[in-house]
Amino acid sequence: MNELQQILDDSVTRLFAARVDREFLTATEEAGFSADLWSLAREQGLTHVLVSEQGGGMNAGWADAYVVVRACGRYAVPLPIPETMLGLWLLERAGAPPVDGVIGLLPVPIALAVDGTFSGDMPRVPWGRDATAFVGTTDDGRLVCFDTSAIAIREDSNLAREPRDDVRFERARPLALQPLDLPLDAVHWFGALLRSAQIAGAAAGCLELSVRYTSEREQFGRLLSQFQAIQHHLAELAGGMASVDTIAHAAFTAVDDDGFRTGGRDARFEIAAAKCRASEAVEMLTRISHQVHGAIGFTYEYALQFLTRRLWSWRAEFGAHGQWGEVLGRTAIEQGGDRLWACITN
Amino acid sequence: MLNLDSLRFPRHALPSALEDLRREVRAFLADALVPYSAVVRSNTWDGFDPEFSRKLGARGWLGMALPKQYGGHERSALERYVVVEETLAAGAPVGFHWIADRQSGPVIARYGTDEQKRRIIPGIANGEICFCIGMSEPNSGSDLASVRSRAERVADGWCVNGTKIWTTNAHRADYMIALLRTDSGGESKHRGLSQFLIDLKHTKGITARPIRDLTGRGHFNEVVFQDALLPADALLGTEGEGWKQATAELAFERSGPERYLSCFLLLSRLVDEVRDHASPATLAKIGAEVAWAATLRNMSLAVAGMLNEGIDPGLQAAIVKDLGCQFEQRLPGLAQELVALEPTLAGSGSDYQQVLGNLTQLAPSFSLRGGTLEILRGIIARGLGVR
Ligand SMILES: Cc1cc2nc3c(=O)[nH]c(=O)nc-3n(C[C@H](O)[C@H](O)[C@H](O)COP(=O)(O)OP(=O)(O)OC[C@H]3O[C@@H](n4cnc5c(N)ncnc54)[C@H](O)[C@@H]3O)c2cc1C
């Protein structure tokens, strides 16, 4: 980690480790959005990591942002910090004015009517009810931003009770409509990128809980962690976590280094690989973490479920491993077997 | 308490200068590998071809990280990494020089005497010396520290008795680095072991008997020592430090990209095989393995970067080998799930079928050689602080 990443890591750890515990998560699932934690995160600039200094941000790269997004996963932070971070980055990249508060991401490109307004339903928008603005792309590849003046919300949530709301737009007029030098389904790609890092973080959280619990509980007169079967479970968990962490980090770095070139091998390869690997890993990560915890892990009272329910949700959001595997499989076939190695080594 | 940082695979970007080297190696291989059939290529580091090894040596691509003073090239571990991964991915027959270049050379460079280095390292760098690893014994596999073969001090050297087994290439190697017991070691089985540099071509009392593996080929051996007399300077490193040295040797053995690349040729052939009739489900399965390949490549590169910076990558290397051998072992089954073609023996069927046939049979060894999956999981568990 470089110096900035170390600073970010220290500050997110300090912020979240102390506050986002079982009680807090339980309360937030009832009460909803925590304005207090949001403003603390905002004060530390966590939503503005990718924004330029003129824009009041840290002007950091995606590889730096990785530290923050992963921490949001590790501590199961019930806030749209990753989503808002991405929204602000897209706005600035397109030269659109920034917005304040929570950004709701429109997961699929939209079609504007001839009069330039948008009417239609956006399903499962993360934190739609709490958003002060919505950011997405149009089906001709422009960045589009809306305020909340022409919307209706039908509240829903994912398995972790994070808001995933259906948002109905009624003749909504964009606040901003700007050319964007990214694929028109950019939100899908970057959403997958964000979720891969959150999965890496939650995997680390699962591993930590599993190691701690099995090192404290005794059966048959021994600590669970002294049984070889349990040690091998933990080793498998560690490998799964490390694999997701490595490829997700590689994907964030690839966005900085390669970006989205038009045509040819670019960061999309790593993003697809990261979300594919991360989503695929969820089955093993959740199965083993629960297995080594026994019944306690299956209770609402114990913290593991805040992580595993997120993992099950994030696995599917912005495309599960089947979908991303298909993308990679198609890439491989288009390249041909002989070029596969060159594709992997870039 | 678990320290998550110890599990990190630090991102390692190869310096762009290495891309020139990579291009050079690729161009060389594109040419040099023309005569080799697909099934022969699928043997990768089991493929044995002294002539090919000499060609690599002539290019300066062996003993790359060994000291210049002794005939090495003093290039970085990362330059060596690029050459190694390119030769493996292409399925070059690297078996003749493999062990020497990977572990024997570095071990001699670290622990050998001036005279031993002078005598051996130039031959390694030229691709003219073949080494084998004398660790396992009939009664000492995973529990390596229990080896019983002994070297006893005699008037002007050492007298060796005992049996080594599974010794890859012993029947055609020039040298063995053997782990032998030099005294009782008292209570501890880890003490009292020493490493020896044994000249197999010029020592009496050593017989290597090839053992056919399940493919019918014989590349590993039982090696019997019967009052084999070694000169005094056959001792490698310090008497009694053999366990520590062997552990260092195993670290070289476990940290390379070969731990996930044995079946790469099958994956690339499979991609071509499904090209014209790939359903979305098929694409998804292929893609998931491509994601694994990309993941393992990043992890393996991180290990290389750690080695290059002098950080001990023991834990990371064990994780790569654990995940890598599972990846390799999945591929033959996946191929049969996706493509309705039987595996065949060399010489019949298509290239794809022969590669599949060969790797299906070799796959069980991937989680045995260089330390079994269970032993690696134990190492990982120790890294997690639970052992
Ligand atoms: C193709 C091939 C090439 C080889 N080349 C060489 C070579 O060149 N030189 C050399 O020295 N050796 C070589 N080996 C030997 C290799 O290192 C050993 O096979 C390996 O160390 C395992 O030892 P073993 O075969 O005696 O199995 P064992 O140690 O008897 O193990 C059998 C099974 O029991 C498991 N087991 C053992 N101990 C434990 C434990 N404590 N906890 C849980 N499970 C356990 C193992 O994981 C394995 O699944 C080679 C092996 C193969 C297959």
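Predicted, not measured: the structure shown is a model, and the values here were computed from it.

Next up on the list: the interface of chain B and chain A. Between chain B and chain A, the contact holds 48 residues from the first and 47 residues from the second. Interface area, chain B with chain A, both sides summed: about 4,000 Å², of which 72% is carbon and sulfur. Where chain B packs against chain A, one counts zero salt bridges. For the interface between chain B and chain A, the tally reads six residue pairs in polar contact (both at pLDDT 80 or more). The element contributing the most residues to the side of chain B that touches chain A is helix 10 (residues 280–308) of chain B, with 15 residues. A class-by-class count of the residues in the side of chain B that touches chain A yields 30 nonpolar, five polar and 13 charged.

Residue and element names in this part refer to chain B. Assigned domains within chain B: domain 1 (18–130), domain 2 (134–241) and domain 3 (245–383). Contact with domain 2, which involves 13 residues of that partner, is made by nine residues of domain 3. Both faces combined, the contact of domain 2 with domain 3 buries some 910 Å², and carbon together with sulfur accounts for 52% of it. Our count for the contact surface shared by domain 2 and domain 3 stands at zero salt bridges. The interface formed by domain 2 and domain 3 contains six residue pairs in polar contact (both at pLDDT 80 or more). Residues of the side of domain 2 that touches domain 3, tallied by class, amount to six nonpolar, five polar and two charged.

In this section: the domain arrangement of chain A. All names here are of chain A. Taken domain by domain, chain A consists of domain 1 (1–79), domain 2 (95–181) and domain 3 (186–344). Here the C-alpha centre of domain 2 lies 23 Å away from the C-alpha centre of domain 1. Summing both sides of the interface, domain 1 and domain 2 together bury roughly 550 Å²; the carbon and sulfur share of this comes to 58%. If you sort the residues of domain 1 by the area they bury against domain 2, E29, F33 and W38 come out on top, with a joint share of 67%. Along the contact surface separating domain 1 from domain 2 lie one salt bridge.

Our next topic: the site of the ligand. Neighbouring residues of the ligand: 15 residues in total, closest S136, S142, W166, T372 and E374 of chain B. Neighbouring residues of the ligand are not confined to a single chain but are spread across chains A and B. One of the backbone N or O atoms of I133 of chain B is found 2.8 Å from a nitrogen atom in the ligand. One of the backbone nitrogen or oxygen atoms of M135 of chain B is found 3.1 Å away from an oxygen atom of the ligand. Taken by itself the ligand offers 960 Å² of open surface, and the protein chains cover 66% of this. Looking at the shell around the ligand residue by residue, the class counts come to five nonpolar, nine polar and one charged. Three or more residues apiece are contributed to the shell around the ligand by two domains, here domain 2 (134–241) and domain 3 (245–383) of chain B.

Moving on, we come to the packing of aromatic side chains. This structure, assessed with the given rule, holds 25 aromatic pairs over all chains. Here the aromatic rings of Y66 of chain A and F252 of chain A are separated by 5.1 Å at their centres, their planes lie at 65°, and the arrangement is edge-to-face. Linking Y66 of chain A in helix 4 (residues 62–74) with F252 of chain A in helix 7 (residues 228–257), this pair joins segments that are 186 residues apart in sequence. Classification of F252 of chain A as buried rests on a relative accessible area of 0%. When the ring of F28 of chain B is compared with that of F52 of chain B, the centres are 6.2 Å apart and the planes differ by 40°; the resulting orientation is tilted. Here F28 of chain B is found in helix 1 (residues 17–32), whereas its partner F52 of chain B is found in helix 3 (residues 50–58), with 24 residues between them in sequence.

Residues F16 of chain A together with F131 of chain B are the most contacted members of the largest nonpolar core, which totals 231 residues. For this core, the element with the most residues is helix 6 (residues 186–214) of chain A, which contributes 18 residues. Every residue in contact with F131 of chain B, bar those within four places of it in the chain, is listed here: F96, I99, A100, S104, I108, I120, I124, A173, Y175, I177 and L197 of chain B.

Glancing now at the packing of helix 7 of chain A against helix 8 (residues 267–293) of chain A. Residues and elements named next belong to chain A. Helix 8 packs onto helix 7 with a crossing angle of 160° between their chain directions and a minimal axis gap of 8 Å. As judged from the angle between their axes, helix 7 and helix 8 are roughly antiparallel. The hand of the helix 7/helix 8 crossing is left-handed. Here the residues of the contact of helix 7 with helix 8 are counted per class, giving 20 nonpolar, five polar and three charged.

This part covers the pattern of salt bridges. Applying the stated criterion across every chain, the model contains 48 salt bridges over all chains. The residue R129 of chain A makes a salt bridge to E155 of chain A at a minimum N-O spacing of 3.5 Å. Here R129 of chain A is found in the loop between strand 2 (118–126) and strand 3 (133–137), whereas its partner E155 of chain A is found in the loop between strand 5 (151–154) and strand 6 (164–172), with 26 residues between them in sequence. When the shortest N-O distance is used, the salt bridge between R297 of chain B and E85 of chain B registers 2.7 Å. Taken together, the positions of R297 of chain B in helix 10 and E85 of chain B in helix 4 (residues 77–90) put the pair 212 residues apart, joining distant regions of the chain. According to the relative accessible area criterion, E85 of chain B is buried, its value standing at 0%.

So, on to the environment of D351 of chain B. Residues and elements named next belong to chain B. Within the fold, D351 resides in helix 12 (residues 351–366). Note on D351: relative accessible area 40%, which makes it partly exposed. As for D351 and G112, which are separated by 239 residues in sequence, their C-alpha atoms are 44 Å apart. If we ignore the near neighbours within four places in the chain, the residues touching D351 are A38 and R269.

Quick notes on the rules
Residues numbered from 1 in each chain as written. Chains lettered and ligands numbered in written order. Predicted model: local features only at pLDDT ≥ 70, side-chain atom pairs only at ≥ 80, totals over all residues. Heavy atoms only, no water. Contact = heavy atoms within 4.5 Å. Buried area = accessible area lost by both parts, 1.4 Å probe. Salt bridge = Lys/Arg side-chain N within 4 Å of Asp/Glu carboxyl O. Polar contact = N/O pair within 3.5 Å; in protein donor to acceptor, adjacent residues only side chain to side chain. Helix = DSSP H or I, 4+ residues; strand = E, 2+ residues; numbered from the N terminus. Nonpolar A, V, L, I, M, F, W, Y, C, P; charged D, E, K, R; others polar. Domains from an automatic or database assignment. Near = heavy atom within 4 Å. Areas by Shrake-Rupley, 256 points an atom, 1.4 Å probe, with all protein chains shown as cover. Phe/Tyr/Trp six-rings, centres within 6.5 Å; stacked < 30°, edge-to-face > 60°. Buried < 20%, exposed > 50% of the residue type's maximum accessible area, 1.4 Å probe, protein only. Core = buried A, V, L, I, M, F, W, Y, C linked by side-chain atoms within 4.5 Å. Axes fitted to C-alpha atoms, helices over the stretch in contact; angles between N-to-C directions. Parallel < 35°, antiparallel > 145°, perpendicular 65-115°, else oblique. Left-handed = near helix turned anticlockwise from the far one by under 90°.

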